[in-house]
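# Coordinates in review
Residue strings, one per chain:
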Amino acid sequence: MTILSALNTHYGRLERCGGVAPFGFSTESIAFALVLSPDGGLNSCRDLRDHTGRQPVGRPVTVPRTSKRSGTTPRAFFLWDNSKFVLGLGNGTGQPGITTYSAHAAAFRETHERLLDDATDPGLLAVLRFLRTWTPSRFGRHRLASALLDRNLVFQLDGDVDADGQARFVHDRPAARAVWERQVTISGGPSAVCLVTGRIAPVARLHPVIKGVAGARLSGGSLVSFNRNAFASYGKKQGDNAPVSEATASNYAAALNALLARNSGTKMRFGDTTAVFWASASAGGETSARNAEAVVAYALGVSRASSAYAAAFKSGWGGGGTFPELIDIRRTLERIDVALDPGTRIHILGLSPNGPRLSVRLWHETTLDLLLARLAEHWEDLRIEPRAWHRPPSPLALLQPVARRGDPETVPPVLGGEVMRAILTGGRYPRVLLTAALQRLRAGDPVTGPRAALIRAVLQRDVRHRGRGKQAGPSFTTGMEVPVSLDRQEADPAYRLGRLFALLENVQRAALGRVNASIRDRYFGAASATPASVFPLLLRNTSHHLAVLRRKSGTGGLAVWFEREMNEVMDGLDMTLPCHLHPESQGRFVVGYYHQRCARKPAPDAAEAETAAPDLPTDEG
């Protein structure tokens, strides 16, 4: 199923649940309602904004749909618009005070004169009379709040209510809806076969804008557009190059905007990519689809709220269970007594900004059970001890280790989409993920749990795809699995060198205490890339540090323990150290360093009590 087809189908599901506006309408942020008398006088101004946050925000209201305002000629909306069109007033651009917009106000008035030429409805007539008599000079006379400027406004007939007794806007009156539905029908362009539905219908020349993509323009961007001759063919213009009906274009845009809305619960971000996901209700019904979305939201880290799904997943991640068992869909169904179909179709769409348009970074269709199985493999690859996260990390948290100073804007642009694709398909993680993590370490960033886990995940997945037990060629890697926790039997030279470096650092800290620049600060990058040029120097310095420990009162046994640990590590190394380590081996070096530095020493036997090393203080950071 194509992206537009899947979104069009999802619109039908949302429409049945009342989650989107009907065809010809859209949901917009409205700040104020101008309350009119039947003769067109302005009686009052009703504040519709939500004041619970730091800044008041407009209320979502279903209004006649918008259209793009490209070019120099202003185009007005029907029965609602910005104050520049409704009142002819605004704050201007970088100018103090109030600016008059005569052309915008004239366009708004002419549009309504044309559409309401034969209107007899009291509400529509009140709007016409207001537009005919309103002048910007009356703004101060009515003491309208300056908050109206540059805000979206609607109209309301004083005292008008709906069947439930609630105040009703003019555009919601039956006569107004009839006028707009007739306008939508007759304003369509030439008809053609819709590429999405296969039906003959008027083609959308300009597709609706999509809002809510991080980094994109506040006014929104286009998912489908043709703005250059190179994108056109056979002399066709704009939407005629890929005919999509007006109704389908409106439907997919409404569905996508609903998914991208704030607090939608189906939206997440990783790198420069904003992704949305939704479930199909065609097989298991609406309840099953909602439950599937809740499971996916929790599994992807979108929802952190306590729920029955949290208990279902907790046993695998935090209770010591193996990861494949964690997301066995049948076990999950046994844990939670809700309607949930393992075969529910899941759609995931990733978008990133591209000027006035949007780029598709990711499009993936799968089933709930397969998606959870892929996530289980991903979490299994991320496993490391000591644990890097208390719960499965979200895709955005997964990219933090490769960001400079933790700033997500510094993550390479396409990396987020590539990582998410690897998670969803079970393919290899992008190689740039490993090199980016190593670059952060060479730049002086600490070896944290998330960085070590990310590096291990890249290496472990490569091993699984390459096949266990096979040599990796000149990369100085054995091709065997990467240990989850400290493995004293692991023979990989790079892993042992990482352990040795951690021991040398511990010796320095035990002998000298905290220093301005430790060997980790000075030599970690060089030791992990060119061991032969660094380790001889470090070993010579360590001999002096061990001598300091022997001379100090009460640390002689500690020196003996360090020597024994170092000998155990070095016994598994060749006499000739490698001159250069490839990125894969550098990654194993990091994992070995993390394991050795964070490992807890088991309690000593009575016979070894005198020579056992006490717990060393750590300076993680």
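Per-chain numbering applies: the sequence of each chain, read as written, is numbered from 1 onward. It should be noted that, the model being predicted, local features are given only for residues of pLDDT at least 70 and side-chain atom pairs only at 80 or more, the latter also being counted only at that level, while totals for whole chains, interfaces and linings use all residues. Side-chain metrics in this entry use all non-hydrogen atoms of the structure; hydrogen atoms and water are not considered.

## Some thoughts on the overall build of the chain
Only DSSP runs of H or I reaching four residues or more are called helices, and only runs of E reaching two or more are called strands; each is numbered from the N terminus. Of the regular secondary structure elements, the chain holds 20 helices and 14 strands. Exposure categories follow from relative accessible area, calculated using a 1.4 Å probe and restricted to protein chains: below 20% of the type maximum is buried, above 50% is exposed, and the middle band is partly exposed. Within the chain, the fraction of its 621 residues that count as buried is 48%. Long-range contacts, defined as pairs at least 24 residues apart, comprise 67% of the intrachain contacts of the chain with a sequence gap of at least 6. Accessible surface, the chain: about 29,200 Å² in total, of which carbon and sulfur atoms supply 50%. Here, residues are in contact when the closest pair of their heavy atoms is within 4.5 Å. With residues, only the protein chains shown are counted as cover, and all accessible areas are computed by Shrake-Rupley using a 1.4 Å probe.

## Some points on the packing of helix α14 (residues 431-442) against helix α20 (residues 583-598)
At a closest axis distance of 10 Å, the pairing of α14 and α20 adopts a crossing angle of 55°. Between α14 and α20, the interaxial angle falls into the category oblique. The way α14 lies across α20 gives a crossing that is left-handed. Contacts from Arg431, Leu434, Leu438, Leu441 and Arg442 in α14 reach Pro583, Glu584, Gln586, Gly587 and Val590 in α20. Each axis is a line fitted through C-alpha atoms, and for a helix only the stretch in contact is used; angles between axes span 0 to 180 degrees, taken between their N-to-C directions. If an angle is under 35 degrees, it is roughly parallel; if it is over 145, roughly antiparallel; if it lies from 65 to 115, roughly perpendicular; otherwise it is oblique. By the definition used in this description, the sense in which the near helix is turned from the far one sets the handedness, with an anticlockwise turn below a right angle giving left-handed and a clockwise turn giving right-handed.

## Section: empty space enclosed by the protein
Each cavity reported here is a set of points on a 1 Å grid over the protein atoms alone in which a 1.4 Å probe fits but cannot get out, each pocket an open set with protein on both sides within 12 Å along at least five of seven lines, and each lining residue one with an atom within 4 Å of a point. Grid points are joined across faces, edges and corners, and a volume is the space filled by probe spheres set on the points. Counted by the stated rule, this structure contains 3 cavities of 30 Å³ or more. Its boundaries defined by the atoms lining it, the largest cavity holds a volume of some 60 Å³. If you go around the largest cavity, the residues you meet are Ala299, Leu300, Leu375, His378, Trp379, Pro393, Ser394, Pro395, Leu398, Met420 and Ile423. Mapped by element, the contributors of at least two residues to the lining of the largest cavity are α11 (368-382), α12 (395-399) and α13 (415-425).

## Let's talk about the nonpolar core
Put simply, a nonpolar core is a bunch of buried Ala, Val, Leu, Ile, Met, Phe, Trp, Tyr and Cys residues held in one set by side-chain atoms that sit within 4.5 Å of each other. Ranked by size, the top nonpolar core spans 82 residues in total, and within it Leu433, Ile455 and Phe501 carry the most contacts. A per-element tally of this core places helix α16 (residues 493-512) first, with 9 residues. Leaving out residues up to four positions away in the same chain, Leu433 has contacts with Leu399, Val402, Leu415, Val419, Leu454 and Val458. Core analysis: the second largest hydrophobic core is formed by 37 residues, Leu89, Val127, Leu128 and Leu149 among them.

## Side note on the sheet that holds strand β11 (residues 267-270)
Here the rule is simple: two strands pair whenever DSSP picks up at least two bridges between them. With respect to topology, 4 strands assemble into an open sheet ordered β11-β12-β13-β14, the strand pairing being antiparallel. Two strands in the sheet have a free side with no partner beyond their single neighbour: β11 and β14 (357-367). Averaged over all adjacent pairs, the angle separating strand axes in this sheet is 25°, with direction ignored. Relative to β14, strand β13 (residues 345-354) runs antiparallel, the two sharing 10 bridges. Note that in β14 the partner of Gly350 across the bridge is Leu362. The sheet strands contacting helix α1 (residues 3-16) are β12 (273-279), β13 and β14, and the helix crosses β12 at an angle near 55°. Across the sheet, helix α6 (residues 246-260) is in contact with β11, β12 and β13; its angle to β12 comes to roughly 110°.

## A closer look at the environment of Asp47
Within the fold, Asp47 resides in strand β3 (residues 42-47). Counting along the chain gives 12 residues from Asp47 to Arg59, while the straight-line C-alpha distance between them is 9.6 Å. Setting aside anything within four residues of it in sequence, one finds Asp47 in contact with Ala31 and Phe32. Pairs of N or O atoms within 3.5 Å make up the polar contacts considered here, provided that, within protein, one atom can donate a hydrogen while the other can accept it, and that residues adjacent in sequence are counted only when both atoms are side-chain atoms. At 3.0 Å, the side chain of Asp47 forms a polar contact with the backbone nitrogen of Arg49. At 3.0 Å, the side chain of Asp47 and the side chain of His51 are in polar contact.

## What to know about helix α19 (residues 556-570)
Taking 1.5 Å of rise per residue, 15 residues should cover 21 Å, and α19 covers 21 Å from first to last C-alpha, within 8% of that figure. Of all the positions in α19, only Leu558, Ala559, Trp561, Phe562, Glu565, Met566 and Val569 are classed as buried. All buried residues of α19 project into a common sector of 160° when viewed along the axis, lining one side. What a helix should span is 1.5 Å times the count of its residues minus one. When we speak of the arc, we mean the arc of directions from the helix axis to the C-beta atoms.

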